[in-house]
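# Structure at a glance
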Amino acid sequence: MFSLHDKNLAKEILSSIKKSDVHLRFMHVCGTHQDTLVKHGLDELLKECGIEIGQGPGCPVCVTTPKEIEEMLLLAQKGITVTTFGDMIRVPGEHYSLQHMKAEGCDVRTVYGIEDAVAFAEKQKDKEVVFMAVGFETTAPSTAAVLLNKPPSNFSVLCCHRLIPPALKALLEMGETRIDGFIEPGHVSTIIGLAPYEFISKKYHVPQVVAGFEPLDLLMAVWMLVQQINKGNHEVQNEYARAVNQKGNMKAQAVMKSVFTVDEKKWRGFPVILESGLLVRNEFEQYDARKKFEDHLSVLTEKEFVEPKDCRCGDVLRGLISSKECPLFGTLCTPEKPVGPCMVSGEGSCKIEFRYQKKR
Amino acid sequence: MCLAIPGKIIKIDTKKEHATVDYGDGTKRNANITLVDVKVGDYVLVHAGFAIQLLSKKEAQETLALFREMLSFGEGL
C-alpha cells in the first residue's frame, strides 16, 4: 500500500550520518519504534555511525504502576469482569497477575479494543464489566468516544491513560541521562500534532523529529536530528507527513477534552509527573470504575507499593540502562517468566531485545 | 500498543459510525470512524479498532523522493 523500502537509500542515509562524525544519544518513546530499530538491526548500524538510541518510557503497559495493576486484580477478585489489552494480563502484580486470577476462576478477558469490552457488557447485562484503559494519546480518544456514546450502565473504565509530552519534560528536568534529541512517536502525533512538543525545543533546546515506523522513516528521522544539531538548530520537524499534520486530529482532541481532565500521575519508575495523566470528568463518573467501586478499591489508598525485587524496569524506562544491562535480563526474567512489565509487553524494550537477540 | 495499521475504507455503515477496512492482505475488519471524517476509498490508520487519522496518498507517494531531495540538499551544505 505504502511501500517504503529502498536499500540503497538506507545506505546513503547511514553513510551521510557517518560522514558527520558525531557522537550523539537520542531517545524515542515508542515500542513500535524500538521494534523497528531492533528487528532490522538499525540500532547496531546507527551505533557504528556514532548514534545511540534509547527507548525511554514509551510503552503504556510498562509505565502502568503497581497500584493500577493491584486495582484490576482486586476488582477481578470481587467478581467483576475485567477486560484489557492482551499484554496487560501477564504483568506481574505484587503476588499475582491477571492471568493467574483467570486461572483461579476470575472473569478476565483480553480484548482487541474498548468496543469489544462494551459489546461484552451489552450481552451480559447482569455482570459489571470494567475495561482497563491503558495507552497514550493514540488510545485515549477511543475511550473518550465510547464514553460519549452512552455505553451500558454495567460498563466502566479504570482510566490509566497518560500523556507523552509531560513525560519528555520530566526526563529533561530530572537530567539523569544525556538526551541530544527526541524521536517523537508517530501515532501519538497523529492525534496531538506538532504544537505540544514545541515548548521542549524552545525551553530545553532539544531538537525533535516526529517519525513513522518503517526502517527508512527512523533512519531519516535520525538524519534530520543530526542535521539540526550540525546547524545548531532545535526545532520540531515532521518526518511522518503522510500521517501527521501540524494540528493533529482535532476531532479526537475535542472528544478527549470533553471526557477527560488533566492531572498529575505516577508512572512506573518515575516520580509523580505533573499534568501527565487523564481523569474521567465528573459528568461521566458513572463510567469511572474508581468512583463506581470506591468501596472495593479504598483498601489500596494507604498501601505502599513496591517494584518487584531486583527489577530494573524503572531504570530502563528512564533511559538509564539498556535492557541487556539489567542483571535479570534473559536469565531470571524471560518472556515465559517475566519479573517486570518491560519483559511482558510487545512494546517493552526487554521483550523486544529478547525476541530478536537470537537472530543477531 | 500504539501500533496502528493502514487500511482502505471500502464500505461505510448506515449509521456512519463504523466502516469496513481492507488491510490489503485479505484481512477486512470493522473499524469505528467517529474520530475521523472519511469517505469510501480513503486510507486510514486504525488503532485498537478506531480509525485515528487519514493517510495522505500524495505525501506517501512523495516520501522517498523527498528523502532523496533532502539528502542531496543536506549534503551539499
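Residues numbered from 1 in each chain as written. Chains lettered and ligands numbered in written order. Predicted model: local features only at pLDDT ≥ 70, side-chain atom pairs only at ≥ 80, totals over all residues. Heavy atoms only, no water.

## Quick notes on the sheet that holds strand E5 (residues 129-135) of chain A
All names here are of chain A.
- Spatial ordering of the open sheet is given by E4-E3-E5-E6, a layout of 4 strands whose pairing is parallel. Whereas interior strands pair on both sides, the edge strands pair on one side only; in this sheet they are strand E4 (108-110) and strand E6 (155-161). Each strand of the sheet is rotated relative to its neighbour by a mean of 25 degrees, with strand direction disregarded.
- Alignment of E5 against E6, held across 7 bridges, turns out to be parallel. (Pairing = 2+ DSSP bridges. Helix = DSSP H or I, 4+ residues; strand = E, 2+ residues; numbered from the N terminus. Axes fitted to C-alpha atoms, helices over the stretch in contact; angles between N-to-C directions.)

## Some words on the interface of chain A and chain B
- Taken together, the contact pairs 49 residues of chain A with 41 residues of chain B.
- The salt bridge involving B:Arg68 is made with A:Asp6; its shortest N-O contact spans 2.4 Å.
- Counting residues per element, the ones that place at least two in the side of chain A that touches chain B are helix H1 (7-19), helix H7 (114-123), E5, helix H8 (140-148), helix H10 (186-192), helix H12 (215-231) and helix H13 (250-259) of chain A.
- At 7 residues, H12(A) tops the list of elements feeding residues into the side of chain A that touches chain B.
- Residues of the side of chain A that touches chain B, tallied by class, amount to 25 nonpolar, 14 polar and 10 charged. (Contact = heavy atoms within 4.5 Å. Salt bridge = Lys/Arg side-chain N within 4 Å of Asp/Glu carboxyl O. Nonpolar A, V, L, I, M, F, W, Y, C, P; charged D, E, K, R; others polar.)

## Considering the domain arrangement of chain A
Residues and elements named next belong to chain A.
- If you check the domain split of chain A, you get domain 1 (4-60 + 164-238) and domain 2 (61-163 + 248-300).
- Between the C-alpha centres of domain 1 and domain 2 the distance comes to 30 Å.
- A combined buried area of about 1500 Å² lies between domain 1 and domain 2, and 73% of that area is made up of carbon and sulfur atoms.
- Where domain 1 packs against domain 2, one counts 11 residue pairs in polar contact (both at pLDDT 80 or more).
- Among the elements of the structure, helix H9 (164-174) and H10 are those that each provide at least two residues to the side of domain 1 that touches domain 2.
- In terms of residues, the side of domain 1 that touches domain 2 owes the most to one element, H9, which gives 7 residues. (Domains from an automatic or database assignment. Buried area = accessible area lost by both parts, 1.4 Å probe. Polar contact = N/O pair within 3.5 Å; in protein donor to acceptor, adjacent residues only side chain to side chain.)

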